[in-house]
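# Topology and contacts: notes
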Amino acid sequence: MSTDLLTIADRTFRSRLIVGTGKYPSHPVMAEAHRASGADMVTVAVRRVNLSDRSAESLLNHIDQSKIFILPNTAGCYTAEDAIRTARLAREVGLSNWVKLEVIGDERTLFPDNIALLEATRVLVREGFVVLPYTNDDPVICRKLEEAGAAAVMPLGAPIGSGLGIQNPNNILIIREQARVPVIVDAGVGTASDAAIAMELGADGVLMNTAIALAGNPVAMATAMKLAVEAGRLAYGAGRIARRSHASASSPTDGTIAALAGSVRRV
Amino acid sequence: MRYPVTIRVNGAPLELVGPVTISGLLAGLTIDSRLVAVEHNLLVVKRDKYESVVVNEGDEIEIVNFVGGG
């Protein structure tokens, strides 16, 4: 797998697994899970500095930036304006001009507001950002985001943090079929098989946070996800067999001991 | 000349003795400016302007950093 690289915009990644930094039991567990996952890109959120308690240690102290690229998100933004402001602030922190763009349209499902997402994508692309929008698993909005200059499209597999797995595999297939930018399945993965399915469908990568961070053993789950993404990717490349309704025997159908052996043979 | 200034930082009122620059504000709050980004009345302040931008009465300041997220 060492030569099977993921390229987004001007950057190349060795891993097709992108992981988050939220909800871990501790920073050291997160760092260990990151190592186990093999990921070389992790997401972070942008939030107000806590002015009354300055004791919290910086998250960045627990991310090995010599190996891991940091992708800030605009999670929690409900308008294009807030997402744009958040992206600009993230860029000013000074690590890169990349942003995982989220504009949420509904609190309960955290589904994206596609109209505001498209608008924010246009503005940020114009300002020179590398925009990776988190979007619905809708081929039409994915196409529009790509036309607006998104560097990748990141359709959800299921609601954020739900662990439901890939709810609409056919849409992911269609999105992959039409997209000329990388397709990253973002959100909804619950366990390793979900990640493998995303990759088998042809996704170029999978982004997940909760599935690893809240697993009983985050480090073991990170390892499982690494293997699942690799397995799914290999299976996709290998070309799966066609589905059929009835059996096709794997062993020879002739020569079984119960079969009639034909005419008399003399020796 | 010194004068009182009330601004809002991260949504909460803050009373200062002016004139105060962004640099002075961060220092006063004991914030390491390398790990944060600052917005002044909805516009991002570039790092090289921290010394020169002065905050005025009623200004809205946001100071953000990176935290865990997905």
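Residues numbered from 1 in each chain as written. Chains lettered and ligands numbered in written order. Predicted model: local features only at pLDDT ≥ 70, side-chain atom pairs only at ≥ 80, totals over all residues.

## A few points about the interface of chain B and chain A
Contacts between the two partners involve 20 residues from chain B, matched on the other side by 28 residues from chain A. Of all the secondary-structure elements, those providing two or more residues to the side of chain B that touches chain A are strand E4 (37-40) and strand E7 (60-68) of chain B. Looking at the side of chain B that touches chain A, the element that brings in the most residues is E7(B), giving seven residues. Taken together, the residues of the side of chain B that touches chain A sort by class into 12 nonpolar, six polar and two charged. With five bridges connecting them, strand E4 (residues 41-48) of chain A and E7(B) associate as antiparallel partners. Directly across from A:Val44, in E7(B), lies its bridge partner B:Gly68. (Contact = placed C-beta atoms within 7 Å. Helix = DSSP H or I, 4+ residues; strand = E, 2+ residues; numbered from the N terminus. Nonpolar A, V, L, I, M, F, W, Y, C, P; charged D, E, K, R; others polar. Pairing = 2+ DSSP bridges.)

## Looking at the packing of helix H4 (residues 139-147) of chain A against helix H5 (residues 169-178) of chain A
Residue and element names in this part refer to chain A. The N-to-C vectors of H4 and H5 enclose an angle of 30°; their axes lie 9 Å apart at closest approach. Overall, the two elements H4 and H5 adopt an arrangement that is roughly parallel. For the element pair H4 and H5, the recorded crossing hand is right-handed. Contacts between H4 and H5 involve Pro-139, Cys-142 and Arg-143 on the former and, on the latter, Asn-171, Ile-174, Ile-175 and Gln-178. The class makeup of the residues in the contact of H4 with H5 is four nonpolar, two polar and one charged. (Axes fitted to C-alpha atoms, helices over the stretch in contact; angles between N-to-C directions. Parallel < 35°, antiparallel > 145°, perpendicular 65-115°, else oblique. Left-handed = near helix turned anticlockwise from the far one by under 90°.)

## Points about the nonpolar core
In terms of nonpolar packing, the biggest core is built from 94 residues, with A:Leu101, A:Ala195, A:Ala198, A:Val206 and A:Met225 touching the most fellow members. A:Val206 has contacts with A:Arg16, A:Leu17, A:Ile184, A:Val185, A:Val189, A:Ala195, A:Ala198, A:Met199 and A:Val229, leaving out every residue within four places of it along the chain. (Core = buried A, V, L, I, M, F, W, Y, C linked by C-beta atoms within 7 Å. Buried ≥ 20, exposed ≤ 12 C-beta atoms within 10 Å, placed from the backbone.)

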